[in-house]
Amino acid sequence: MQARLLASVLLDNSGSPLLNALETTDLGTSPSPMCGLEDSQKELCFACGVEGSNPEQADAVEKLILDVLQDVADKGLPLEQVAASLHQLELSQREVSGGGYPYGLNLILTSLTSATHRGDPVDLLNLDPVLEKLQQQIQDPEFIKSLAQNLLINNQHRIRLVMKPDHQLANSRDQAEKDQLAAIQVALSDSEKQAIVDSAAALKVPAGFRVELVVGEPKIVQPIAYTIDDRGRLWIVECTNYPASPGVAKDRILVLEDTKGTGTFDKQTVFWDKATFSSGIAVGFGGVWLGSPPNLLFIPIKDGDEPKPAGEPQVMLDGWKSNDTHETLNDFIWGPDGWLYGTHGIFNRSLVGKPGTPDSERTLVEAAIWRFHPTRKVFERWSEGGSNQWGVDWNDHGEAFFEACVIPHMWHAIQGARYQRQAGTHPDVHTYEDIKTIAWGRYEKAAYAGAMVYLGGAFPAEWRDQFFFHDIHMNKLRCETMIPKGSGYRSEKKVDFGVSSDRWFRGLSPQYGPDGGVFINDWYDKV
């Protein structure tokens, strides 16, 4: 537990000394996804490093890491920071959701390492005495110093691994994927093509509703985001770069149109095919707004019926981090005030501003809802806190709501508010209490995406103002109703509006269209 605590204070969030150094250094693009403590073997292993670096910088990277560790060993860390990490560690140890497994099975897996290596698994599960002792130990300013010195600095069992990337790998994989999709399309029989259509039918909805396939593979692949413009055209962002960010400039923005007024999208146009990793799109004010970290881009649209760029992309804002690709800027929506809104997760420490803005004048965005004025070019962090939320929407009364992962899932969004955080501390150190959830309770898992308050005109009146969001692990489109309570709301579970029997179904963003029908983009992937 001491090693876990040390790893936590070093790498828990962007305010942790080692993670902050790895995120802000120019020696690499982002911290390595392998950073952390591996404790499933007899001997513990602590790993840290960067990706997107050069082999020639290996000495500098190692020196950076060792300097940070030595600084912690010499100066220690504030008690408040250590106590917060210990609290998060305690919560993770007591978590009953099982991380995807039944709770009993999770206990068995937790104790398996100790049992395998002839330890006492009961001692491993008896947390209270250990946590009480740690609470006492962290009061000593020398405690964290000694852990850093003895477990890491003085540890001679240390190796350095330098991996050189294959720069042609992404292109070769991309071409192989295209060849495979082309071969699949040619080989499909009529019955197999029908099976693709039938996959939409695997999504069960309440009586009186039906599900239709709008477009699918191989015409589109990995549709991470979409929007519908004022002409009813469907704009789709593909993200074959995932999980690499920024990746290669190869992804497409596609435009689907119903040119005959039949209700079927009969025309598909490639608007742009040079996108890197992207996770948000909106159309308005003469162009396409694309969340493509580290940038928020604006691509002007040429006048006329054919959707084509009128010029090169313009960087409106930069500084968006994407070391965690699930938590960068995402799920764009135009707010009722005409601003462009989006959400952002907690484990990317983004310093956002116009190109050339010094760090001291930039806006810190972690777990947040943000907005950008499309004509005045003003950027604001609209609210702060949560986890890795993916979507926000407004009801008939102009009240906003968002969903969040891991922590309680439902939140009443208020401008300037500070909400419970999954980890770390609020940017404003004078936040003495934060706003808590309005959720009725908790579902089986805790990974959600999308936010839609239904204001379309096609559904029966009972569905208006209802909040829809996707439960990623449970393959469901959840629905909750918001009940006024005091000066705010509380959520109430209504119904699982969509339930898919296809275990690869990964709904991301429900949106109602101009006809009142609800669109869903299915990422379609195995968890």
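Please refer to the structure higher up on the page.
Let me sum up the structure you'll find in this document. Here, residues in each chain are numbered from 1, in the same order as that chain's written sequence. Reporting of local features is limited, given that this is a predicted model, to residues whose pLDDT is at least 70; pairs of side-chain atoms are given and counted only at 80 or more, and all residues count toward the totals for whole chains, interfaces and linings. For side-chain calculations, the full set of non-hydrogen atoms in the structure is used, while hydrogens and water are omitted.

Section: the environment of Y512
Consideration 1: Relative to the assigned elements, Y512 resides in strand β28 (residues 511-512).
Consideration 2: The sequence separation of Y512 and L455 amounts to 57 residues, and the corresponding C-alpha distance is 7.6 Å.
Consideration 3: Once you skip the residues sitting within four places of it in the chain, Y512 turns out to touch M452, V453, Y454, L455, G456, G517 and V518. Secondary structure counts use DSSP, requiring at least four H or I residues in a row for a helix and at least two E residues in a row for a strand, with both numbered from the N terminus. Should any heavy atoms of two residues lie within 4.5 Å, those residues are counted as being in contact.

Things to note about the sheet that holds strand β22 (residues 410-413)
Consideration 1: Taking strand neighbours across the sheet as the criterion, the three strands line up as β20-β21-β22 in an open arrangement whose pairing is antiparallel. Strands at the two margins of the open sheet, each flanked by one partner only, are β20 (392-394) and β22. Going across the sheet, the axis of each strand differs from the next one's by a mean of 30 degrees, ignoring polarity. Here, a strand pair is defined by DSSP locating no fewer than two bridges between the strands. Angular values range over 0 to 180 degrees, each being the angle between N-to-C directions of two axes fitted as lines to C-alpha atoms, with helices fitted over their stretch in contact.

With respect to the nonpolar core
Consideration 1: Nonpolar core, defined: a set of buried Ala, Val, Leu, Ile, Met, Phe, Trp, Tyr and Cys residues in which side-chain atoms within 4.5 Å join the residues together. Burial classification: accessible surface area is computed with a 1.4 Å probe over protein chains only, and a residue below 20% of its type maximum counts as buried, one above 50% as exposed, and the rest as partly exposed. With 30 residues, the main nonpolar core has L5, L10 and L18 as its most contacted residues.
Consideration 2: Mapped onto this core, the elements with two or more residues apiece are α1 (2-11), α2 (17-24), α3 (58-75), α4 (79-94), α7 (127-137) and α8 (142-153).
Consideration 3: Excluding residues that lie within four positions of it along the chain, L5 makes contacts with V82, S85, L86, L89, L134, I138, F143 and I144.
Consideration 4: In this structure, F271, I299, I301 and I472 belong to the second largest nonpolar core, which totals 24 residues.

Some remarks on the pattern of salt bridges
Consideration 1: Whenever Lys or Arg places a side-chain nitrogen within 4 Å of a carboxyl oxygen from Asp or Glu, that contact is recorded as a salt bridge. This model, assessed by the stated rule, comprises 27 salt bridges.
Consideration 2: In this structure, D318 engages R362 in a salt bridge whose closest nitrogen and oxygen atoms are separated by 2.8 Å. One end of the pair, D318, is in strand β13 (residues 314-318); the other, R362, is in the loop between β16 (350-352) and β17 (363-365), and 44 residues separate them in sequence.
Consideration 3: The closest approach of N and O atoms between E444 and R478, which form a salt bridge, is 2.9 Å. Within this pair, whereas E444 is found in the loop between β23 (418-421) and β24 (448-453), its partner R478 is found in strand β26 (residues 476-485), the two being separated by 34 residues in sequence.
Consideration 4: Judged by relative accessible area, which is 42%, E444 ranks as partly exposed.

Observations concerning the pairing of strand β6 (residues 223-228)
Consideration 1: In terms of burial, β6 is largely enclosed, as six of its six residues are buried.
Consideration 2: Here β6 pairs with strand β7 (residues 234-238) via five bridges, running antiparallel. Paired with P223 across the two strands is E238, which belongs to β7.
Consideration 3: In sequence, β6 turns back onto β7 through a hairpin of five residues, with G232 there showing a positive phi of about 80 degrees.

So, the packing of aromatic side chains
Any two aromatic rings considered together are summarised by their centre-to-centre distance and by the angle between their planes.
Consideration 1: Only Phe, Tyr and Trp rings are paired, with Trp represented by its six-membered ring, and only when their centres lie within 6.5 Å; those with planes under 30 degrees apart are stacked, over 60 edge-to-face, the remainder tilted. Taken as a whole and assessed by the stated rule, the structure comprises 32 aromatic pairs.
Consideration 2: The structure contains a cluster of three or more aromatic residues connected by ring pairs, namely F209, Y454, F459, W463, F468, F497 and Y512.
Consideration 3: Just above the ring of W339 sits the side chain of R371; from NZ or CZ to the centre is 3.7 Å.
Consideration 4: When the NZ atom of lysine or the CZ atom of arginine is within 6 Å of a ring's centre and also within 35 degrees of its normal, the charge is said to sit over that ring. Stacked on the ring of W463, the Lys or Arg K494 has its end atom at 5.1 Å from the ring centre.

Let's talk about the side chain of N521
Consideration 1: You can see N521 is positioned in the segment after β29 (518-519).
Consideration 2: At 3.3 Å, the side chain of N521 and the backbone oxygen of I224 are in polar contact.
Consideration 3: A distance of 2.8 Å separates a polar side-chain atom of N521 from the backbone nitrogen of S509. Counting of polar contacts relies on pairs of N or O atoms within 3.5 Å, with two restrictions inside protein: one atom must be capable of donating a hydrogen and the other of accepting it, and residues adjacent in sequence are counted only when both atoms are side-chain atoms.

As for α2
Consideration 1: Within α2 the residues assigned to the buried category are L18, L19, A21, L22 and E23.
Consideration 2: On its buried face, α2 is in contact with α1, β1 (30-31), β3 (45-47), β4 (50-51) and α3.

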